[in-house]
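# A structural walkthrough
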Amino acid sequence: MINRAGFGSSLMTVVERMGVDLERRLERLASAWKATDLADLNTIAIEWMRSHGRCRAIAIALHLP
């Protein structure tokens, strides 16, 4: 979704299992993100950077079930 919207150059940071010995931090450009083995509960930060060319705005909604 981020790549298709023209933000593939954005830096994504995921921190999982915060505060325990198994804590892990992953940082990648959105265009290079391939991680699939993430913990169920994590924190995601995105430094929005527009890629070349045009891009459109995207809305992100956060919620808990």
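Details of the structure are given in the entry above.
The paragraphs below set out a description of the structure included in this document.

Calculation criteria
- Residues numbered from 1 in each chain as written.
- Predicted model: local features only at pLDDT ≥ 70, side-chain atom pairs only at ≥ 80, totals over all residues.
- Heavy atoms only, no water.
- Helix = DSSP H or I, 4+ residues; strand = E, 2+ residues; numbered from the N terminus.
- Buried < 20%, exposed > 50% of the residue type's maximum accessible area, 1.4 Å probe, protein only.
- Contact = heavy atoms within 4.5 Å.
- Areas by Shrake-Rupley, 256 points an atom, 1.4 Å probe, with all protein chains shown as cover.
- Salt bridge = Lys/Arg side-chain N within 4 Å of Asp/Glu carboxyl O.
- Polar contact = N/O pair within 3.5 Å; in protein donor to acceptor, adjacent residues only side chain to side chain.

### Re the overall build of the chain
On a plain count of helices and strands, the chain comes out with 0 helices and 3 strands. Reading the helices (α) and strands (β) of the chain from amino to carboxyl end gives β-β-β. A buried classification covers 25% of the 65 residues belonging to the chain. Long-range pairs, those at least 24 residues apart, make up 51% of the contacts in the chain with a sequence separation of at least 6. For the chain, the accessible area works out to roughly 5,400 Å², and carbon and sulfur atoms hold 56% of it.

### Focus: the pattern of salt bridges
Applying the stated criterion to the full structure yields 4 salt bridges. We note a salt bridge from Glu 16 to Arg 17, for which the minimum N-O separation is 3.4 Å. Glu 16 sits in the buried class, given a relative accessible area of 1%. Accessibility expressed as a relative area gives 38% for Arg 17, which makes it partly exposed. Here Arg 24 ties to Asp 37 by a salt bridge, and the two come within 3.5 Å at their closest N and O atoms. Of the two residues, Arg 24 is situated in strand 2 (residues 24-29) and Asp 37 in the loop between strand 2 and strand 3 (42-47); the sequence distance between them amounts to 13 residues. On the accessibility criterion, Arg 24 (26% relative accessible area) is partly exposed. Linked through salt bridges whose partners overlap, the residues forming this network are Glu 16, Arg 17, Arg 24 and Asp 37.

### Notes on the side chain of Thr 13
Inspection of the secondary structure puts Thr 13 in strand 1 (residues 11-16). On the basis of relative accessible area, Thr 13 is assigned to the buried category, the value being 11%. Engagement of the side chain of Thr 13 in a polar contact is seen with the side chain of Glu 27, the distance being 3.4 Å. Sequence-distant contacts of Thr 13, defined by excluding residues within four places in its chain, comprise Arg 25, Leu 26, Glu 27, Thr 43, Ile 44 and Ala 45.

### A few points about the environment of Leu 41
Take Leu 41: it is sitting in the loop between strand 2 and strand 3. Placed 23 residues apart in sequence, Leu 41 and Met 18 show a C-alpha to C-alpha distance of 9.3 Å. Setting aside residues up to four positions removed in sequence, Leu 41 forms contacts with Glu 16 and Arg 17.

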